Amino acid sequence: MASKPILGKEESVEFLFEISKIVKLFYEIPVILVTKKDYALNVFNTLSDLRLVMRSDSKEKLMDIILEFHLQWLHAVNDIENFTKLIKDLTRDEIPQAISYTIDAMQNRLKTYEQYMTVNREFLSNETQANIVSDVEIVEEMHEDVVRTLMERMKCFRNYDAQYEFTLKVNDAVEQIFHWLDKMYDSLAMLLSNYVNVNVPHLSGDLPKTLQQIVGDMQNSKSVSSQKLLEEFRKQDKELNTMIRSTTAHGLEICKVENKISVLDDRIMRLQNEPISAALMALKHKKEYLEKRLSSLENLKTTLKEIDEATDDQLKSQLGEDEQCICEDFYQLRIFNHQLPIEERERLVTELCYLWDMAVFGDRSHKSIISILSVTDMKEEFTDELGTYHVDEYSRKIYKLPDDEVRYQPNENNELVPLTDDEHIYFYDECGRYFIDQNTRQRVYRALGTSSEYMLSSAGVLLKTKEIRHGVTFYYDNYGRYYINREGKNIYRDADTLSEYENDGFGNLVRIRSHSDIFTLCPEDENVTQDFLYIKQSVGKALRVCIAQVILYQPSDPVKFLSACLLKYRENIELQDKRAREKEELAYERELLLAEERARLEAIAKDAALFDQGASEASYDSNLRNYRTMQIESEVASNVSTTK
């Protein structure tokens, strides 16, 4: 059965008003399209395509559109960056020509918007059509104001005498279009997240966190490029902070809405004394719609102002008036950031597209998102001091040496090491080898050839989070080292110990098993059979010891582990028997040697006794005889020890 489209009838009408809101953002900053490409028209076309696809519920087409507008942002930033390299060589006529192109592009964009709204409001109610007409009128007035502003800027550019002043103003125009570009795509992404969030309920919050995570990684990085970029952030903190927190502010729109309400008040006052007519009711309805829109804009403006003031007060109290930093909520309303290096921009788009893929398809992956961001399809190769490399679908430099089929990548020391991908895709940074966890999107560090895993703490310290010992997977949290048993409970056990603990739910670890629990014997008075007695007498001890090892370590393959334990137990028993036999044989040999030596010494003593018989009994010294006896015993012991 086909699934329900994302946009129903009412949501489809509401999306028309959302399109108008983003179109109004096109005119909030009077930018000059210096590259002579209308990026706002691309955004409008994306909005119209999204509305069409979400009404038909084609998830594949929806994901294609999402990927495409992320790539549009990448290409647009690259185009503008390439233009900045040519600013010093610009002539005085090129910027006025760019302004003329901008005015023509705006006119074409306005006609496209008006035609789109005219076609799609045809079958709507009169009140809804009136509200759409009000939005179109406001857009037209904003368009006129921006055109007048651009014409004035054209005059200014023609009147600049000094080249330095001209170059400075061009740089300002480039910065404006950069921020305008980020702002448009931020608004587009936030709008889409309100409709596509079934599989990722917190999508609207996760999108800004993606950029915040990347900037956090750069803060921990020690590379020169990262530190230089962060220094630029600090220099522009106040300016960018104000700009980012006003991402959704609509200053020009507020002004136009207030003017429209004032005009409607005058017209309603003139018709107040006349009988109630359809024209009067239409004017009141139009005024009510504009007042609601103005109220929402003012509330948003107040909220953003409170956030800004609260953050400024916090910064002043912590750092003082002059010191600035990149605070946590610096990126809270921003999703795209052109100031990131090109590698980090591609990583940002990769992470964002992964979130969109999860939001649209859930656990089922749509297709390789990152491959479209890479130059790998172009088979382009580059060369640096390490050798020849290409960029793979994960934005990694992959090196290939002459006459060597092994692929290499640079490690944390910028040395080439073999590519070691398995079920994970591995990268390297200053802390070592890591992969991206698919659930938390955090970096998980795993050294080559080991199973232990680490994560970087907020203090910049690597903390162990996982290890595998004797086939058991252990994890780490604030309470210590634990494994997950068959019931899904966290059982805590320190390394090289047998005692186990469990969390009681109040933050306390309670002992649930100790060493004595594992080796408790069965009662002796149990009724048993002859078969059991045979098993107990023959292999009972071996089974008791080996099964205790299985319970202790709980390996993934207990049968294999038990068989290995039994074989090891048998080897130990055979070794003990062999040592006992050797000990008995050694004792027997010692006794034989001792008996032979005693017989020899007794014969010597007998000869000595015969010699002493002719001597005088008075001259016989008993002490001398005792001394000879002790000397004989000492010689026997010495000979036995030497023989051993």
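All values reported here derive from a predicted model rather than from experimental measurement.

Another point: the overall build of the protein chain. When helices and strands are tallied, the protein chain shows 16 helices and 15 strands. By residue count, 39% of the 644 residues in the protein chain fall in the buried class. Taking contacts inside the protein chain between residues at least 6 apart in sequence as the whole, the part at least 24 apart equals 60%. Carbon together with sulfur atoms contributes 51% to the accessible area of the protein chain, which is approximately 38200 Å² in total.

Okay, the sheet that holds strand β1 (residues 382-384) next. Taking strand neighbours across the sheet as the criterion, the 5 strands line up as β1-β2-β3-β4-β5 in an open arrangement whose pairing is antiparallel. Edge positions in the sheet fall to β1 and β5 (416-418), since each has one partner strand and no second. The mean inter-strand angle of the sheet, taken between neighbouring strand axes irrespective of direction, is 45°. Where strand β2 (residues 387-391) lies against strand β3 (residues 397-400), 3 bridges are found, and the strand directions are antiparallel. When the bridges of β3 are listed, H390 appears paired with I398.

A cluster of acidic residues, E582, E584, E585 and E589, forms a negative patch at the surface. Of note, E585 is situated in helix α15 (residues 558-612).

Tracing the backbone through its elements, the reader meets D477 in strand β11 (residues 472-477). Classification of D477 by relative accessible area gives partly exposed; the value is 31%. For the pair D477 and L463, spaced 14 residues apart in sequence, the C-alpha to C-alpha distance is 9.7 Å. A polar atom in the side chain of D477 sits 2.6 Å from the side chain of Y492.

Next up on the list: the packing of helix α3 (residues 59-84) against helix α6 (residues 163-193). It is the contact of α3 with α6, at a shortest axis distance of 11 Å, that shows an interaxial angle of 175°. For the element pair α3 / α6, the angle class is roughly antiparallel. Contacts between α3 and α6 involve I66, F69, Q72, W73, A76, V77, I80, E81, F83 and T84 from the first element and V170, V174, I177, F178, L181, D182, Y185, L188 and L192 from the second. Taken together, the residues of the contact of α3 with α6 sort by class into 15 nonpolar, 2 polar and 2 charged.

The next point concerns the packing of α6 against helix α7 (residues 203-220). As a packed pair, α6 and α7 sit with axes 9 Å apart at the nearest point and diverge in direction by 150°. As far as their axial angle goes, α7 and α6 are roughly antiparallel. Judged by the sense of rotation from one axis to the other, the crossing of α6 with α7 is right-handed. Where α6 abuts α7, its residues A189, M190 and S193 lie against L203, S204 and L207. Tallied by class, the residues present in the contact of α6 with α7 amount to 4 nonpolar, 2 polar and no charged.

Time to look at the confidence of the model for the protein chain. For the protein chain, mean pLDDT is 76; residues scoring 70 or higher make up 71% of the total. Per-element averaging of pLDDT across the protein chain places helix α9 (residues 237-245) at the bottom with 41 and helix α4 (residues 94-120) at the top with 91. pLDDT under 50 marks residues 237-249. Its contacts with residues more than four places away, or in other chains, come to 35 contacts. A low-confidence stretch, residues 300-308 (pLDDT under 50), is modelled with 12 contacts involving residues beyond four sequence positions or located in other chains.

A few words on the pattern of salt bridges. Applying the stated criterion across every chain, the model contains 20 salt bridges. With a closest N to O distance of 2.1 Å, D145 and R148 form a salt bridge. Here D145 pairs with R148, and both are found in helix α5 (residues 126-159), just 3 residues apart, close to one helical turn. Note that R443 is salt-bridged to D429, the shortest N-O span being 2.7 Å. Of this pair, R443 sits in strand β8 (residues 443-445) while D429 sits in strand β6 (residues 426-429), and the two are 14 residues apart along the sequence. Comparing R443 with D429 shows no difference in burial state: the two are buried. Each of the salt bridges in this network shares a partner with another, and the network as a whole consists of E423, R446, E453 and K466.

Another aspect to go through is the side chain of E597. In this structure, E597 sits in helix α15. Here R600 takes part through its side chain, which lies 2.2 Å from a polar atom of the side chain of E597.

With that settled, consider the pairing of β6. Alternating residues of β6 divide into Y426 and Y428 and F427 and D429, and every residue in both groups is buried. Bridge count for β6 against strand β7 (residues 432-436) is 4 bridges, and the pairing is antiparallel. Of the residues in β7, the one forming a bridge with D429 is G432. The hairpin turn running from β6 into β7, its antiparallel successor, is 2 residues long.

With respect to the element layout, D384 can be found in strand β1. A relative accessible area of 21% places D384 in the partly exposed class. Sequence-distant contacts of D384, that is, excluding residues within four places in its chain, are made with Y389, K397 and Y399.

A few words on α7. With 18 residues, α7 should cover 26 Å at 1.5 Å per step; its first-to-last C-alpha distance of 26 Å lies within 8% of that length. Residues of α7 that are buried include every one of L203, L207, P208, T210, L211, I214, V215, D217 and M218, and no others.

Scanning the model with the defined rule gives 16 aromatic pairs in all. Plain terms: the ring middles of F15 and Y195 are 5.3 Å apart, the flat faces sit at 70° to each other, and that makes the pair edge-to-face. Of the two residues, F15 is situated in helix α1 (residues 9-25) and Y195 in the loop between α6 and α7; the sequence distance between them amounts to 180 residues. Judged by its relative accessible area of 13%, Y195 falls in the buried class. Three or more aromatic residues link up through ring pairs in this structure, and these residues are F69, W73, Y185 and F336. Just above the ring of Y27 sits the side chain of R109; from NZ or CZ to the centre is 5.8 Å. Above the plane of the ring of F427 lies R396, whose end atom (NZ or CZ) is 5.6 Å from the centre.

What follows concerns unusual backbone geometry. Positive phi, close to 60°, is recorded for K36, a residue that is not glycine. Overall, K36 belongs to the partly exposed group, its relative accessible area being 40%. Here the phi dihedral of D403 falls at roughly 55°; this positive angle occurs in a residue that is not glycine. Examined against the element boundaries, D403 turns out to sit in the loop between β3 and β4 (407-410).

With that settled, the discussion passes to the environment of L509. Its place among the elements puts L509 in strand β15 (residues 509-513). As a C-alpha pair, L509 and Y492 span 17 residues in sequence and 8.1 Å in three-dimensional space. Ignoring sequence-local partners within four residues, the contact set of L509 consists of Y479, Y492, Y501, E502 and N503.

Thresholds applied
- Residues numbered from 1 in each chain as written.
- Predicted model: local features only at pLDDT ≥ 70, side-chain atom pairs only at ≥ 80, totals over all residues.
- Heavy atoms only, no water.
- Helix = DSSP H or I, 4+ residues; strand = E, 2+ residues; numbered from the N terminus.
- Buried < 20%, exposed > 50% of the residue type's maximum accessible area, 1.4 Å probe, protein only.
- Contact = heavy atoms within 4.5 Å.
- Areas by Shrake-Rupley, 256 points an atom, 1.4 Å probe, with all protein chains shown as cover.
- Pairing = 2+ DSSP bridges.
- Axes fitted to C-alpha atoms, helices over the stretch in contact; angles between N-to-C directions.
- Patch = residues over 30% accessible without salt bridge, like charges linked within 9 Å, V, L, I, M, F, W, Y side chains within 5 Å.
- Salt bridge = Lys/Arg side-chain N within 4 Å of Asp/Glu carboxyl O.
- Lys, Arg positive; Asp, Glu negative; His and termini not counted.
- Charge placed at Lys NZ, Arg CZ, Asp CG, Glu CD.
- Polar contact = N/O pair within 3.5 Å; in protein donor to acceptor, adjacent residues only side chain to side chain.
- Parallel < 35°, antiparallel > 145°, perpendicular 65-115°, else oblique.
- Nonpolar A, V, L, I, M, F, W, Y, C, P; charged D, E, K, R; others polar.
- Left-handed = near helix turned anticlockwise from the far one by under 90°.
- pLDDT = per-residue confidence, 0-100.
- Expected span 1.5 Å × (residues − 1).
- Phe/Tyr/Trp six-rings, centres within 6.5 Å; stacked < 30°, edge-to-face > 60°.
- Lys NZ or Arg CZ within 6 Å of the ring centre and 35° of its normal.

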